Amino acid sequence: MKVETPQILWNSEGDKGRNAPLYSIDMLESGMAHDSSPNSTKYGHVLATAGNTNIINLWRVSFDIDSSSSSDSASTSSMMLQKQNKAYNKIDYITSLARHELPVNTVGFSPDGLHLVTAGEAGNIVVWSVPLTKRG
């Protein structure tokens, strides 16, 4: 397995320019699209991060997998871990969500990917939904 550590402030401590603790993360597979290369498949995911602030950050995480060297029928997740091509791995900031008054302790996507549930130190649960006009 290859491990790559991106240098990103997943959960920033304001203007201090350093990472703050992450309390919870969840990743949702958002689908795959074929690249122009016949042996290349791009996998896209949405990553939700939450920490000691009232902000939830959403990130797009993309992996490009060269499947030309694979002759077996390995699962998608094991292929992603074994055959990552560093040139195509990419993480992009999408947006921040803020509705909690105190730090967010946990995040989780629904199985259908249409909802994100977050819970915070104030005892509140917030259900975020993809707008009907943005679905599909």
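Structure: above.
Calculation rules
Residues numbered from 1 in each chain as written. Predicted model: local features only at pLDDT ≥ 70, side-chain atom pairs only at ≥ 80, totals over all residues. Heavy atoms only, no water. Pairing = 2+ DSSP bridges. Helix = DSSP H or I, 4+ residues; strand = E, 2+ residues; numbered from the N terminus. Axes fitted to C-alpha atoms, helices over the stretch in contact; angles between N-to-C directions. Core = buried A, V, L, I, M, F, W, Y, C linked by side-chain atoms within 4.5 Å. Buried < 20%, exposed > 50% of the residue type's maximum accessible area, 1.4 Å probe, protein only. Contact = heavy atoms within 4.5 Å.

J.: Could you give me a rundown of the sheet that holds strand β6 (residues 115–120), with the residues and numbers involved?
T.: Taken in spatial order, the three strands of this open sheet run β5-β6-β7, and their pairing is antiparallel. Among the strands making up the open sheet, the edge pair consists of β5 (104–109) and β7 (125–129). Neighbouring strand axes in the sheet, compared pairwise and without regard to direction, differ in orientation by 20 degrees on average. Across five bridges, the pairing between β6 and β7 is antiparallel. What sits directly across from threonine 118, in β7, is valine 126.

J.: Describe in detail the nonpolar core, supporting the description with residues and values.
T.: Judged by nonpolar contacts, the single largest core of 13 residues is most densely connected at Ala48, Ile56, Leu58, Val107, Phe109 and Leu116. Listed by contribution, the elements that provide at least two residues to this core are β2 (40–51), β3 (55–66), β5 and β7. Each residue touching isoleucine 56, except ones within four places of it in the same chain, is listed here: Ala48, Thr49, Ala50, Thr95, Ser96, Leu97, His100, Val104, Val107, Leu116, Thr118 and Trp128. Core analysis: the second largest hydrophobic core is formed by five residues, Trp10, Trp59, Val61 and Phe63 among them.

J.: Go over the pairing of β7, please, and point to the residues and values.
T.: The side-chain alternation of β7 yields one buried face, formed by Val126 and Trp128, and one unburied face, formed by Ile125, Val127 and Ser129. Linking β6 back to β7 in an antiparallel pair, the connection comprises four residues, with glycine 123 at a positive phi of about 85 degrees.

J.: Residue-level account of the environment of leucine 58, with values.
T.: With respect to the helices and strands, the residue leucine 58 is situated in strand β3. Judged by relative accessible area, leucine 58 falls into the buried class, the value being 13%. When the C-alpha positions of leucine 58 and alanine 48 are compared, they lie 4.7 Å apart, and in sequence the two are 10 residues distant. Sequence-distant contacts of leucine 58, defined by excluding residues within four places in its chain, comprise Val46, Leu47, Ala48, Asp92, Tyr93, Ile94, Thr95, Leu97, Phe109 and Leu116.

J.: A description of the pairing of β5 should follow, citing residues and the corresponding values.
T.: Both β5 and β6 contribute to a ladder of five bridges, which runs antiparallel. Residue pairing in the sheet places valine 104 in a bridge with glycine 120 of β6.

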